[in-house]
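This is what each chain is made of:
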Amino acid sequence: MTHASSRAGQSKSLVLTAMIFAVAMTFIDQTIVSIAAPTVQHDLGLTGSGMQWAINVYLLTMAALFAFGGRLGDTMGHTKMVVIGVIIFAASSALIGLTPRGGAAEAWIVSFRALQGAGGAIMFPSTIAIVVATFDLRSRGRALALFFGIAGGLTAIGPIAGGYLIQWTWRAIFWINVPVAIVALVLIAISKPVSEHRPAPIDYRGLVLIAGGVGLSVFGFQQSQLWGWGNAAIEVCIAAGVALLVVFYLVERRTAEPLINVRIFGNQTFLVENIILAISMMAFIPVFFFASTYGQIALGLKATSASVLILYYFIGFVSAAQLGGRMLDRIGAKRPVMVGSAIAAVGYFLWAGKVTGLHEGSQVAWILVAGAGMGLMLGQANTDAINRASRFSYGEATGITQTVRNYGAALGFAILGTVLISNFRSNITNSLVARGVPGPVASAQAATAAQYQGGGNGGNGGIANIPQFIRADYAAATQSVLIGMGVIMAVAAVVALFGLKFGVQQTTAAETETAPASASAPGTPDLPS
């Protein structure tokens, strides 16, 4: 009995390890490319907009196709979709690393970055669905805490790894995905994950509506920093995207086999947890970018050294994620989500109070606190939401949560990026005027300087020559961003306080179903309370 139990535990651990390796590539690539962008652009001769597309199209494609990927896993088999997604991701990564110089470079790298995002969207929902199906409700919190903890850490490690890899060649940041994919495929073959699925037709009408809605609105958010909020195209993209999402919701309610069974939002916990995920992701993903640029521009650090700020955040995140998973299994989701959001808010506020001192050491403690708060709540909110789906809808539920997370991250980048640029521009203008520069001239010079971003070759480049007053102005702008992140997480804490219930979720019929035939009729998902 003990031997069989040990073997089962080893098998579950192997499945979890296989899934972590599978998704490792997708999380690293969310942030690793940004730090290599100047080097890639210079080597391939890309335009500024072309490089921006190479960065954004990956996240844009994933956000638009997550729901589709989740549905594919539920209807065709999760293990099959993970394998297909890993192969697509690895192959496209290898081809990106082989991007030729010359006229074809821009189309080549943007196209295969889009394919890479599609591979991630196909793979990711099914990896979580497999983990959820492998572990029972009592041990699922710890398993997914480890899963999301490592995944969040890999997001933080991306810029650090990128800083070192580009010292060899920028192409290595993509080629590194190939051996990781091979390890993932070998582990999948050895562990043989068990996944159940229920064959059903694909709702292509719903796919077009949600891909168009998410794609247009996220694109609008992404371009807001480049085009400016005064550009009518931004408003048109976001408004058209939101309109398509409203149409998608109305159509799906009347579709027999929908892409997403939107009635799952009738479950209060699922709805509230997704609201919390959207809010918290507005602070989580953007912090990696803003911390890195602050380290380079305000502190004058090399790209690799600036990434240490992110490493502190990662240490806090991973440490608290394990505690949060145990709390979820023992006492339910409300306490870790609510307390974690509050701790993160405090951490961001206190971190903001230290950035203008331009001293790295004084910030470390509060970076750790902010990271710990996010680690305590983020994975638990995600797991609690997925637990509300039936065993035959885990992929669909994951597709929803990941779409919401990406949507929140894009919105956070747009809002906080605007806060950073507008404050930086205002600060520089005031500093130049104080130094005797005429107002109109100061304003024009500030507008140009506010668009500056450091990086490239893991070195300082022109950053070492930035005047001290500009560093101070950038630090003050970053302070506004961190205060904004604190406000965001305070809102998440309030939503958790009033929207979530105390207590551990009990096993329901959704957990004990033995055949697809016992699942609810189309259009009526199982909704654990």
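Residues numbered from 1 in each chain as written. Predicted model: local features only at pLDDT ≥ 70, side-chain atom pairs only at ≥ 80, totals over all residues. Heavy atoms only, no water.

A. How the structure looks around the overall build of the protein chain. In terms of helices and strands, the protein chain carries 17 helices and zero strands. Considering only contacts within the protein chain whose residues lie at least 6 apart along the sequence, 83% involve residues at least 24 apart. Surface exposure of the protein chain reaches about 19600 Å², of which carbon and sulfur atoms provide 67%. (Helix = DSSP H or I, 4+ residues; strand = E, 2+ residues; numbered from the N terminus. Contact = heavy atoms within 4.5 Å. Areas by Shrake-Rupley, 256 points an atom, 1.4 Å probe, with all protein chains shown as cover.)

B. Highlighting the packing of helix α10 (residues 268-297) against helix α12 (residues 334-355). Axis separation between α10 and α12 bottoms out at 12 Å; the angle between their running directions is 25 degrees. Taken together, the axis directions place α10 and α12 in an arrangement best described as roughly parallel. Considering only the axes of α10 and α12, their crossing is left-handed. Together, E273, I276, A283, V287, A291 and Y294 of α10 and V337, Y348, W351 and V355 of α12 make up the contact between the two elements. For the contact of α10 with α12, the per-class residue count stands at nine nonpolar, no polar and one charged. (Axes fitted to C-alpha atoms, helices over the stretch in contact; angles between N-to-C directions. Parallel < 35°, antiparallel > 145°, perpendicular 65-115°, else oblique. Left-handed = near helix turned anticlockwise from the far one by under 90°. Nonpolar A, V, L, I, M, F, W, Y, C, P; charged D, E, K, R; others polar.)

C. The side chain of R113, seen in detail. Turning to its location among the elements, R113 is positioned in helix α4 (residues 105-134). A distance of 2.8 Å separates a polar side-chain atom of R113 from the backbone oxygen of A54. Residues in contact with R113, not counting those within four places in the same chain, are D29, V33, A54, I55, V57, Y58, I96 and F174. (Polar contact = N/O pair within 3.5 Å; in protein donor to acceptor, adjacent residues only side chain to side chain.)

D. Representation of the side chain of S126 within the structure. Checked against the element boundaries, S126 lands in helix α4. We classify S126 as buried; its relative accessible area is 0%. If we skip the residues at most four places from it in the chain, S126 touches G69, G73, H78, M81 and V82. (Buried < 20%, exposed > 50% of the residue type's maximum accessible area, 1.4 Å probe, protein only.)

E. Just the nonpolar core, in detail. F147, Y313, Y348, W351 and M489 are the most contacted members of the largest nonpolar core, which totals 152 residues. Excluding its chain neighbours within four sequence positions, the residues that come into contact with Y348 are A283, V287, Y313, A370, M374, L482, M485, G486 and M489. (Core = buried A, V, L, I, M, F, W, Y, C linked by side-chain atoms within 4.5 Å.)

F. Seen up close, a nonpolar patch on the surface. On the surface, V242, V246, Y249 and L250 cluster together into a nonpolar patch covering about 330 Å² of accessible area. Position of V242 relative to the elements: it lies in helix α9 (residues 232-252). The class of V242 is partly exposed, set by a relative accessible area of 39%. (Patch = residues over 30% accessible without salt bridge, like charges linked within 9 Å, V, L, I, M, F, W, Y side chains within 5 Å. Salt bridge = Lys/Arg side-chain N within 4 Å of Asp/Glu carboxyl O.)

G. Local environment of helix α7 (residues 177-191). Look at α7: 21 Å from first C-alpha to last across 15 residues, which is about the 21 Å you get at 1.5 Å a residue. Restricting attention to buried positions, one finds in α7 the residues N177, A181, A184, L187, I188 and S191. Projected onto a plane normal to the axis of α7, the buried residues spread over an arc of 125 degrees and lie on a single side. Just past α7, the residue K192 takes up positive phi, approximately 50 degrees. (Expected span 1.5 Å × (residues − 1). Arc of directions from axis to C-beta.)

H. Seen up close, helix α3 (residues 78-97). The end-to-end C-alpha separation of α3 is 28 Å, in line with the 28 Å expected for 20 residues at 1.5 Å each. Among all positions of α3, only H78, T79, M81, V82, G85, V86, F89, A90, S92, S93, I96 and G97 are buried. Each buried residue of α3 lies within a common arc of 170 degrees when the element is viewed along its axis, so the set occupies one face.

I. Just the packing of helix α13 (residues 364-386) against helix α14 (residues 394-434), in detail. The N-to-C vectors of α13 and α14 enclose an angle of 140 degrees; their axes lie 9 Å apart at closest approach. Between α13 and α14, the angle is such that the two are oblique. The chirality of how α13 crosses α14 is right-handed. Between α13, through L378, N382, A385 and I386, and α14, the contact on the second element is made entirely by Y394, A397, T398, T401, Q402 and R405.

J. Quick look at unusual backbone geometry. Despite not being glycine, K192 has its phi angle at roughly 50 degrees, a positive value. The residue K192 is located in the loop between α7 and α8 (204-227) in this model. Of the residues examined, K192 reaches a relative accessible area of 59% and is grouped as exposed. The backbone of L358 shows a phi angle near 55 degrees, a positive value even though the residue is not glycine.

K. View of the pattern of salt bridges. A full pass over the atoms with the stated rule returns four salt bridges. Across the pair D43 and R171 runs a salt bridge whose closest N-O atoms are separated by 3.8 Å. Here D43 is found in helix α1 (residues 2-44), whereas its partner R171 is found in the loop between α5 (140-165) and α6 (172-175), with 128 residues between them in sequence. Looking at R171, the relative accessible area reads 12%, which means it is buried. The partner of E257 in a salt bridge is R71, and the shortest N-O contact between them spans 3.2 Å. Taken together, the residues E257 in the loop between α9 and α10 and R71 in helix α2 (residues 48-76) connect sequence positions 186 residues apart. Exposure remark for E257: the relative accessible area of 28% places this residue in the partly exposed category. The network of salt bridges with shared partners includes D43, R101 and R171.

L. Seen up close, the packing of aromatic side chains. Applying the stated criterion across every chain, the model contains 14 aromatic pairs. Here F66 and F124 contribute two aromatic rings whose centre-to-centre distance is 6.0 Å and whose plane-to-plane angle is 65 degrees, an arrangement assigned as edge-to-face. Of the two residues, F66 is situated in helix α2 and F124 in helix α4; the sequence distance between them amounts to 58 residues. Under the relative-accessibility criterion, F124 is labelled buried at 2%. Taking the ring centre of F502 as reference, the NZ or CZ of K334 above it sits at 4.4 Å. (Phe/Tyr/Trp six-rings, centres within 6.5 Å; stacked < 30°, edge-to-face > 60°. Lys NZ or Arg CZ within 6 Å of the ring centre and 35° of its normal.)

M. Main features of the environment of V491. Positionally, V491 belongs in helix α16 (residues 468-499). Judged by its relative accessible area of 40%, V491 is partly exposed. Residues V491 and I276, 215 residues apart in the sequence, show an inter-C-alpha distance of 8.7 Å.

N. Structural detail: the environment of W108. Mapped onto the elements, W108 comes out in helix α4. Ignoring sequence-local partners within four residues, the contact set of W108 consists of L95, I96, L98, T99 and P100. Side-chain polar atoms of W108 contact the backbone oxygen of L95, separated by 2.8 Å.

O. Examining the confidence of the model for the protein chain more closely. When pLDDT is averaged along the protein chain, the result is 82, and 87% of the positions lie at 70 or above. Across the protein chain, the secondary-structure element scoring lowest on mean pLDDT is helix α17 (residues 509-512), at 41, and the one scoring highest is α12, at 97. Residue range residues 1-9 is modelled with pLDDT below 50. Its contacts to residues more than four positions away, or to other chains, number zero contacts. Long-range and interchain partners of residues 508-529, a stretch whose pLDDT sits below 50, account for 53 contacts in this model, where long-range means more than four residues apart. (pLDDT = per-residue confidence, 0-100.)

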